Amino acid sequence: MADPTTLTLDDISLLLVWTAIAIYALGFLAYATDLSRRSSSTVTPHQTPVLAGSRTGPATGPSPEDDPHSTAAARGRLASDKASRYVWARIGTTLTTLGFVLHLGGTLARGVAADRVPWANMYEFALTGTLLIVAVYLTVLRRYDLRFLGAFLIGMVVLLLGGAALSFYVEVTPLMDPLKSVWLVIHVFVASLATALFAIACGLSVTQLLQSRRERHTAPTRRQIAPPEPPVTARKRSYLDTLPPADTLEALAYRFAIVGFVAWTFTLIAGAIWANDSWGRYWGFDTKEVWTFVIWVLYAGYIHARATKGWRGVRSAWLSIVGFAAVLFNFTVVNMFFKGLHSYSGLS
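Residues numbered from 1 in each chain as written. Predicted model: local features only at pLDDT ≥ 70, side-chain atom pairs only at ≥ 80, totals over all residues. Heavy atoms only, no water.

Here the focus is the overall build of the chain. When you go through the chain residue by residue, the secondary structure sums to 9 helices and 2 strands. Start at the N end of the chain and walk to the C end: the helices and strands fall as α-β-α-α-α-α-α-β-α-α-α. Buried residues in the chain amount to 46% of all 348 residues. Counting only carbon and sulfur atoms, one obtains 66% of the accessible surface of the chain, whose full area is about 17,500 Å². (Helix = DSSP H or I, 4+ residues; strand = E, 2+ residues; numbered from the N terminus. Buried < 20%, exposed > 50% of the residue type's maximum accessible area, 1.4 Å probe, protein only. Areas by Shrake-Rupley, 256 points an atom, 1.4 Å probe, with all protein chains shown as cover.)

In structure tokens:
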């Protein structure tokens, strides 16, 4: 067994990262168990899931003033039911927070070991990008109850961070000359933040598609004059019954995409300024530059489609998902297989 005193700061960073991955994996299992238990539990009539902190009010059903069933007593029963049913979601959040602390420690240790910001190659960008995904998720939980996204987001973090630690890890090396700029701090950090926001928007859009499908299958047919009366007894349900309706999920995904789009626009502009400082031109049709612009166009199209009534719903959700798929493609395939002036992956 190696002497612990021989460990370098980078070794400690890697140890913290792998420990964080293990904790995140446990958090993913807890969130997945939560979704499973939601499916196996029962629901009584007029229980309406609410996004905690959302100003849009109840996620489904009429307003309390119009619905005689939305009484204070009913809400109390719903709150009690949620407290008992969502214990695994709270465990998942606790594990995610612990993993985030370890992840943050590993990222900071890598930065101190390199004596620079820890996002100068693919491994470090994955390290910082996934850290920001978790940070944004945990921050948003203080306003909106998005624990139903935990399995999607934390599962993705486990795959991305674990894959980066296995495939992209490189030892600390000095910066290449074009990277020795203040724009490395600004440009790459803002791009990482935009990626985190796009990831949450993608998760909401995927959930929106699932919820839209359920709502189409459970909607009353045109021949029915009025929807059937709800049963008076409890019934088995899908976990989608505990989530907000598709319209609410779409509106929330749009908010995250808007903020991410603003950050990505800044990334595009800052990248052009940095390119002029380093190479004497603002735009040169480098593969990385082209894909950054393609991503910008996709999200601009999504935002425009969402603002156009005819493109709301399923079609706009797919644009959000395709946009994030392009972000992942830009980070992985473009960095690994396309040569150009942005070949800073650190991989041989």
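Now, onward.
At 3.6 residues per turn, the α-helix brings residues three or four places apart onto the same side. If you check helix 3 (residues 87-114), its first and last C-alpha atoms are 41 Å apart, about what 28 residues at 1.5 Å a residue would give, namely 40 Å. Asp115 occupies a position one or two residues after helix 3 and carries a positive phi of about 60°. (Expected span 1.5 Å × (residues − 1).)

Summed over all chains, the structure comprises 11 aromatic pairs. Judged by centre distance (4.6 Å) and plane angle (45°), the ring pair of Trp291 and Phe329 falls under tilted. Taken as a pair, Trp291 in helix 8 (residues 287-307) and Phe329 in helix 9 (residues 314-337) lie far apart in primary sequence, 38 residues in all. For Trp291, a relative accessible area of 24% puts it in the partly exposed group. On the accessibility criterion, Phe329 (29% relative accessible area) is partly exposed. An aromatic cluster of at least three residues, connected via ring pairs, comprises Phe125, Phe168 and Phe331. (Phe/Tyr/Trp six-rings, centres within 6.5 Å; stacked < 30°, edge-to-face > 60°.)

Turning next to the pattern of salt bridges. Applying the stated rule across the entire model yields 4 salt bridges. Put simply, Glu124 and Arg110 hold a salt bridge, and the shortest N to O gap is 2.8 Å. Taken together, the residues span a long stretch of sequence, with Glu124 in helix 4 (residues 122-140) and Arg110 in helix 3 at a distance of 14 residues. The residue Glu124 makes a salt bridge to Arg116 at a minimum N-O spacing of 2.7 Å. For Arg116, a relative accessible area of 14% corresponds to the buried category. (Salt bridge = Lys/Arg side-chain N within 4 Å of Asp/Glu carboxyl O.)

You can see Phe100 is positioned in helix 3. For the pair Phe100 and Val17, spaced 83 residues apart in sequence, the C-alpha to C-alpha distance is 9.6 Å. Residues contacting Phe100, with those up to four places away along its chain left out, are Tyr24, Leu131, Val134, Ala135 and Leu138. (Contact = heavy atoms within 4.5 Å.)

As a general rule, the predicted coordinates of low-pLDDT regions are not to be interpreted in detail. Confidence in the prediction of the chain, expressed as mean pLDDT, is 79, and 75% of residues score 70 or more. Per-element mean pLDDT across the chain ranges from 47 in helix 2 (residues 72-85) up to 94 in helix 3. Ignoring residues within four places in sequence, the model shows residues 44-48, a span with pLDDT below 50, making 13 contacts including any to other chains. Note on residues 55-81: pLDDT under 50 across the span, and 26 contacts to partners over four residues away in sequence or across chains. (pLDDT = per-residue confidence, 0-100.)

On the surface, Ile269, Ile273, Tyr282, Trp283, Phe285, Phe293 and Val297 cluster together into a nonpolar patch covering about 710 Å² of accessible area. For Trp283, the location among the structural elements is in the loop between helix 7 (246-279) and helix 8. Judged by its relative accessible area of 35%, Trp283 is partly exposed. (Patch = residues over 30% accessible without salt bridge, like charges linked within 9 Å, V, L, I, M, F, W, Y side chains within 5 Å.)

Before going further, it helps to spend a moment on the packing of helix 5 (residues 150-168) against helix 6 (residues 182-218). Axis separation between helix 5 and helix 6 bottoms out at 9 Å; the angle between their running directions is 135°. Of the possible angle classes, the one that applies to helix 5 and helix 6 is oblique. As for how helix 5 packs across helix 6, the hand of that crossing is right-handed. Contact with helix 5, carried on its side by Phe152, Leu153 and Met156, involves Ala199, Ile200, Cys202 and Gly203 of helix 6 and no other residues of that element. The class makeup of the residues in the contact of helix 5 with helix 6 is 6 nonpolar, 1 polar and no charged. (Axes fitted to C-alpha atoms, helices over the stretch in contact; angles between N-to-C directions. Parallel < 35°, antiparallel > 145°, perpendicular 65-115°, else oblique. Left-handed = near helix turned anticlockwise from the far one by under 90°. Nonpolar A, V, L, I, M, F, W, Y, C, P; charged D, E, K, R; others polar.)

Attention now goes to the UniProt feature "transmembrane region" (unreviewed entry) in the chain. UniProt feature "transmembrane region" (unreviewed entry): in the numbering of this structure it lies at residues 12-32, 87-105, 125-141, 148-170, 182-206, 252-275, 290-305 and 317-338. Strand forms 0% of residues 87-105 and helix 100%; the C-alpha atoms that close the span are 28 Å apart. Between the end C-alpha atoms of residues 290-305 the distance is 22 Å, and the span holds 100% helix and 0% strand. (UniProt positions renumbered as here; feature names shortened; annotations may be inferred.)

What follows concerns unusual backbone geometry. If you check the backbone angles, Asp115 has positive phi at about 60° while not being a glycine. Take Asp115: it is sitting in the loop between helix 3 and helix 4. Take Asp115: its relative accessible area is 72%, and that puts it in the exposed class.

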